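Each chain is listed here by its residues.
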Amino acid sequence: MISIDRSIIFQIINFLVLVALLFRFLFKPVVQALDKRSNHIREEMEKIEKEKKAAEEMRLKYEEESKNIHIKFQEMQEIANQEAVKIKSKIIDEAYQESEKIKQTAEEKARIEIDKLYSELKLDIIDISTEMAAKLLRERIDISKQDQLIEQLLEEAIDKIEIKSDVQYGQQQ
Amino acid sequence: MDSSNKEIVKFITPFPMTESQKNMVKSKLSRIGNIDQMIFQEEVDPSLIGGIIIIFGEMLIDCSLRTQLDKMKEGMI
């Protein structure tokens, strides 16, 4: 016959009671604490994930904005280049027109100066020629030539006076 | 006209006039006026070069070479 020691039964009961007490007062709070910790970690992870996602969105947004700014900058640079080309062309045109104007004015002044010099030279030549002719005539005019001159020139003058007198007389008639 | 109603006619020449020149001029003037009613005066002006200027009343007959040259000069200008 199997004899069971009473102390073993008590030890088993004590063990069960201990297990029940441990489960009730130690294991459960530990599990709850672990669950709570786990939940907290999960929430933190979710929060970090959200922040990471927000940061990624923010990065993408900044990248997009940076891209747009770069495109905008390139467009503005292109416009500025076109404007610079226009201004350059305008400045060159204006400079060319100004130089043409200066050239025309200089040419006009030169032409006027040449005309003036030409006129002065012409007058000088005429004066010199006339004086030379007068000098030559003075040297060559003698009594006989003076006779011829008076004869010829006075004849022509008297003829003209007679013709004029005839015309006036005819008009009076 | 002077007091005897004769008209003064002035001859201006570059040289003193000879008698034959005076007679020739008077002869030609007789075609346009009565030389008996004229008193002749003479003046020498070497700048005329040649020919004669006759001042006859209000009339000026300029037959000088100086005037001919001046006209030629004006024509060239």
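The structure presented is a predicted model; accordingly, all values stated were derived computationally and were not measured.

Q: How would you summarise the packing of helix 1 (residues 6-140) of chain A against helix 2 (residues 65-76) of chain B if you had to cite specific residues and measurements?
A: Between helix 1 of chain A and helix 2 of chain B, whose axes approach to 10 Å, the crossing angle comes to 155°. In terms of axis orientation, helix 1 of chain A runs roughly antiparallel to helix 2 of chain B. As helix 1 of chain A runs across helix 2 of chain B, the sense of the crossing is right-handed. Taken together, the residues of helix 2 of chain B that come into contact with helix 1 of chain A (itself represented by I126, T130, A133, A134 and L137 of chain A) are L65, L69, K73 and M76 of chain B. The residue inventory of the contact of helix 1 of chain A with helix 2 of chain B, partitioned by class, reads seven nonpolar, one polar and one charged.

Q: Lay out the UniProt feature "transmembrane region" (unreviewed entry) in chain A in plain terms, naming residues and giving numbers.
A: In the numbering adopted here, UniProt assigns the feature "transmembrane region" (unreviewed entry) to residues 6-27 of chain A. End C-alpha to end C-alpha, residues 6-27 of chain A measures 29 Å, and it is 100% helix and 0% strand.

Q: Explain the interface of chain A and chain B residue by residue, including any values.
A: Taken together, the contacts link 22 residues of chain A with 19 residues of chain B. Of all the secondary-structure elements, those providing two or more residues to the side of chain A that touches chain B are helix 1 and helix 2 (143-172) of chain A. Of the residues forming the side of chain A that touches chain B, the biggest block, 14 residues, is contributed by helix 2 of chain A.

Q: Hey, could you go over the sheet that holds strand 1 (residues 7-13) of chain B for me, with residue numbers and the actual values?
A: Residues and elements named next belong to chain B. Reading across from one edge, 2-1-3-4 is the order of the four strands in this open sheet, with mixed pairing throughout. Of all strands in the sheet, those bounded by a partner on one side alone are strand 2 (38-44) and strand 4 (59-64). Each strand of the sheet is rotated relative to its neighbour by a mean of 15°, with strand direction disregarded. When strand 1 meets strand 3 (residues 51-56), the two strands line up antiparallel, connected through four bridges. The partner of I12 across the bridge, within strand 3, is I53. Each of strand 3 and strand 4 is contacted by helix 2, which is oriented at about 80° to strand 4, the strand it contacts most.

Q: Can you explain the UniProt feature "coiled-coil region" (unreviewed entry) in chain A? Please cite residues and give values.
A: Feature annotation in UniProt places "coiled-coil region" (unreviewed entry) on residues 31-68 of chain A, given in this structure's numbering. Annotated as residues 31-68 of chain A, this span is 100% helix and 0% strand, and its ends, taken at the C-alpha atoms, are 53 Å apart.

Rules behind the numbers
Residues numbered from 1 in each chain as written. Chains lettered and ligands numbered in written order. Predicted model: local features only at pLDDT ≥ 70, side-chain atom pairs only at ≥ 80, totals over all residues. Axes fitted to C-alpha atoms, helices over the stretch in contact; angles between N-to-C directions. Helix = DSSP H or I, 4+ residues; strand = E, 2+ residues; numbered from the N terminus. Parallel < 35°, antiparallel > 145°, perpendicular 65-115°, else oblique. Left-handed = near helix turned anticlockwise from the far one by under 90°. Contact = placed C-beta atoms within 7 Å. Nonpolar A, V, L, I, M, F, W, Y, C, P; charged D, E, K, R; others polar. UniProt positions renumbered as here; feature names shortened; annotations may be inferred. Pairing = 2+ DSSP bridges.

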